[in-house]
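Each chain is listed here by its residues.
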Amino acid sequence: MSATAMIWRIASFAVAAGFVGLWQLIANLKLVSPVFLPGPDRAWAALMRGFASGDLTSKLVGTLEHMAYGWLAASIAGIALGALIGSSRLMRIYIAPSLEFLRPLPVSAIIPVAIAMLGLTEGMALFVIAFGAIWPIMLATIHGFAAVEPRLYEVARALQMSRTAVVFKIALPSALPDILAGMRLSLTVALILSVVCEVLAGLDGLGHWVLLSARAFRSADLFAGVILLGATGYLTSVAMSLAERRLLAWQSTR
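Small disclaimer: the values here were computed from a predicted structure and weren't measured. (Residues numbered from 1 in each chain as written. Predicted model: local features only at pLDDT ≥ 70, side-chain atom pairs only at ≥ 80, totals over all residues. Heavy atoms only, no water.)

1. Observations concerning the overall build of the protein
Logical step 1: Of regular secondary structure, the protein possesses 11 helices and 0 strands.
Logical step 2: Considered along the principal axes of its C-alpha atoms, the protein spans approximately 75 × 55 × 30 Å.
Logical step 3: Every one of the 254 residues in the protein was classed for burial, and the buried ones make up 37%.
Logical step 4: Across the protein, the fraction of contacts at a sequence separation of at least 24, relative to all contacts at a separation of at least 6, is 71%.
Logical step 5: About 14,700 Å² of surface is accessible on the protein, with carbon and sulfur atoms providing 71% of the total. (Helix = DSSP H or I, 4+ residues; strand = E, 2+ residues; numbered from the N terminus. Buried < 20%, exposed > 50% of the residue type's maximum accessible area, 1.4 Å probe, protein only. Contact = heavy atoms within 4.5 Å. Areas by Shrake-Rupley, 256 points an atom, 1.4 Å probe, with all protein chains shown as cover.)

What follows is the structure, encoded as C-alpha cells:
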C-alpha cells in the first residue's frame, strides 16, 4: 500500500472515530433521551450480549441467507438474460421493451403482489430480493456484452469459432468488469430488501430484531442491530472487491 493510500485510510478511520466520539458525547450529556439514543458503549454491550446469548448470531445467519439466496438467483438470471440480450440485436428489439416496462417498477409496489401470490413466506422474500437485485446485474451485463469490440467478433469468425466459444472466450471476459460492478451494486440492494422483507413478513433476521427492539423501546439492542447491518454491508462489499481484484488480475498486465 502506498503512503498516500495509507494516509487516506488513516484519515477515514479518524473521521469514523470522530463520529463515534461525538455520538458518545451527545449520549453522555443526554441531549437526546437515553430511551431513544443510547451511547456507543451501551450499543456495543448490547451487541456483545446478543452474540453471547446466540440471539444475534441466528438473526445474522437468517439475514445472510436471505441476502445470499436472493442475490445468487438475481445473479444467475441477470447474467443469463443480460448476455442473451446484449449479444443479440433481435433480443434487444423484442425483449428489451418488456424489461423497460418492468425495470422502473418500485420494489415497494411489487411486495404486495408477492405477498398476495406467495404469502408471508421465505419464497416471497426470495422473489422480492431477486426482483430488486436483478436489474443492476442485467443492465451491466447487457452493456458489457453490447460494448465488446466488433473486431474481436471478426477474429472469431475468421477462426471459425462456435457461438458458445465466442460467448465464453471473448464476450464474457470482455464484459466481466461491467458484470462484477453490477453484482457489487446488487449485493447492497439484496441486503436492503432482505431487511425490508424480514420487517414486513416477520422472518427470522436482523430486520425482525430491529423491529422488535424498536417496539419494546430497547434502543441499545436496536442500535446493535443497525451497527451489525452496517458491518455486514461493509464486509460483503470488501469481499466483493477482493473477488473483483482477483478475477480481474489480468487487467493489471495490460
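2. Some thoughts on the packing of helix H10 (residues 206-215) against helix H11 (residues 219-247)
Logical step 1: With their axes 8 Å apart at the nearest point, H10 and H11 run at an angle of 155° to one another. The angle between the axes of H10 and H11 places the two elements in the roughly antiparallel class. Remark: the crossing between H10 and H11 carries left-handed chirality. Mapping the contact onto sequence places Leu-206, Trp-209, Val-210, Ser-213 and Ala-214 in H10 and Asp-221, Leu-222, Gly-225, Val-226, Leu-228 and Leu-229 in H11.
Logical step 2: Of the residues belonging to the contact of H10 with H11, the class tally is 8 nonpolar, 2 polar and 1 charged. (Axes fitted to C-alpha atoms, helices over the stretch in contact; angles between N-to-C directions. Parallel < 35°, antiparallel > 145°, perpendicular 65-115°, else oblique. Left-handed = near helix turned anticlockwise from the far one by under 90°. Nonpolar A, V, L, I, M, F, W, Y, C, P; charged D, E, K, R; others polar.)

3. Points about the side chain of Lys-59
Logical step 1: Its place among the elements puts Lys-59 in helix H3 (residues 55-86).
Logical step 2: If near-sequence neighbours (up to four positions away) are discounted, Lys-59 is found in contact with Asp-204, Gly-205, Leu-206, His-208 and Trp-209.

4. Quick notes on helix H6 (residues 107-118)
Logical step 1: For H6, spanning 12 residues, the distance from its first C-alpha to its last is 15 Å, which sits close to the expected 16 Å at 1.5 Å a residue.
Logical step 2: Three or more residues of H6 are buried, namely Val-107, Ile-110, Ile-111 and Ala-114. Looking down the long axis of H6, one finds its buried residues gathered within 115° of arc, a one-sided arrangement. In H6, the exposed positions that point more than 90 degrees away from the buried face belong to Ser-108 and Ala-116.
Logical step 3: Of the residues flanking the end of H6, it is Gly-119, one or two places downstream, whose phi is positive at about 75°. (Expected span 1.5 Å × (residues − 1). Arc of directions from axis to C-beta.)

5. What about the pattern of salt bridges?
Logical step 1: Tallying each qualifying case throughout the model produces 3 salt bridges.
Logical step 2: Among the salt bridges present, the one from Asp-221 reaches Arg-49, with a minimum N-O distance of 3.7 Å. A residue pair is termed long-range when its members are at least 10 positions apart, and Asp-221 in helix H11 and Arg-49 in helix H2 (residues 40-53) qualify at 172 residues.
Logical step 3: Looking at Arg-49, the relative accessible area reads 48%, which means it is partly exposed.
Logical step 4: Where Asp-204 meets Lys-59, a salt bridge forms, and the shortest distance between an N and an O atom there is 2.8 Å. (Salt bridge = Lys/Arg side-chain N within 4 Å of Asp/Glu carboxyl O.)

6. Comments concerning the environment of Phe-223
Logical step 1: Inspection of the secondary structure assignment puts Phe-223 in helix H11.
Logical step 2: Relative accessible area serves as the criterion here: at 21%, Phe-223 is assigned to the partly exposed category.
Logical step 3: The spacing of Phe-223 and Met-161 is 62 residues in sequence and 57 Å in space, taken between C-alpha atoms.
Logical step 4: Leave out the neighbours within four places in its chain, and Phe-223 touches Trp-23, Phe-36, Leu-37, Pro-38 and Ala-43.

7. Remarks on H2
Counting along an α-helix, one turn takes 3.6 residues, and residues three or four places apart therefore face a common direction.
Logical step 1: Given a rise of 1.5 Å per residue, 14 residues ought to cover 20 Å, and the 20 Å separating the end C-alpha atoms of H2 matches this to within 8%.
Logical step 2: Burial in H2 covers these residues: Pro-40, Ala-43, Ala-46, Leu-47 and Gly-50. The buried residues of H2 occupy one face: seen down the axis, they fall within an arc of 120°. More than 90 degrees from the buried face of H2, the exposed residues found are Trp-44 and Ala-52.
Logical step 3: Where H2 ends, the next residue or the one after it, Gly-54, has phi of about 90°, a positive value.

8. Some words on the packing of aromatic side chains
Logical step 1: Under the defined criterion, the tally for this structure stands at 4 aromatic pairs.
Logical step 2: Ring geometry for Phe-127 against Phe-131: centres 6.4 Å apart, planes inclined by 25°, an arrangement best described as stacked. With Phe-127 and Phe-131 both in helix H7 (residues 122-146), this residue pair falls 4 residues apart, about one helical turn. (Phe/Tyr/Trp six-rings, centres within 6.5 Å; stacked < 30°, edge-to-face > 60°.)

9. Observations concerning a nonpolar patch on the surface
Logical step 1: A cluster of nonpolar side chains, contributed by Leu-22, Leu-25, Leu-29, Leu-31, Val-32, Val-35, Phe-36 and Phe-217, occupies part of the molecular surface with about 810 Å² of accessible area.
Logical step 2: Its place among the elements puts Phe-217 in the loop between H10 and H11.
Logical step 3: Residue Phe-217 is classed as exposed on the basis of its relative accessible area, which comes to 56%. (Patch = residues over 30% accessible without salt bridge, like charges linked within 9 Å, V, L, I, M, F, W, Y side chains within 5 Å.)

10. Thoughts on the environment of Leu-191
Logical step 1: Relative to the helices and strands, Leu-191 resides in helix H9 (residues 163-201).
Logical step 2: A sequence separation of 123 residues divides Leu-191 from Ala-68, and the C-alpha atoms of the two residues are 8.6 Å apart.
Logical step 3: Sequence-distant contacts of Leu-191, defined by excluding residues within four places in its chain, comprise Thr-63, Met-67, Leu-229, Thr-232 and Gly-233.

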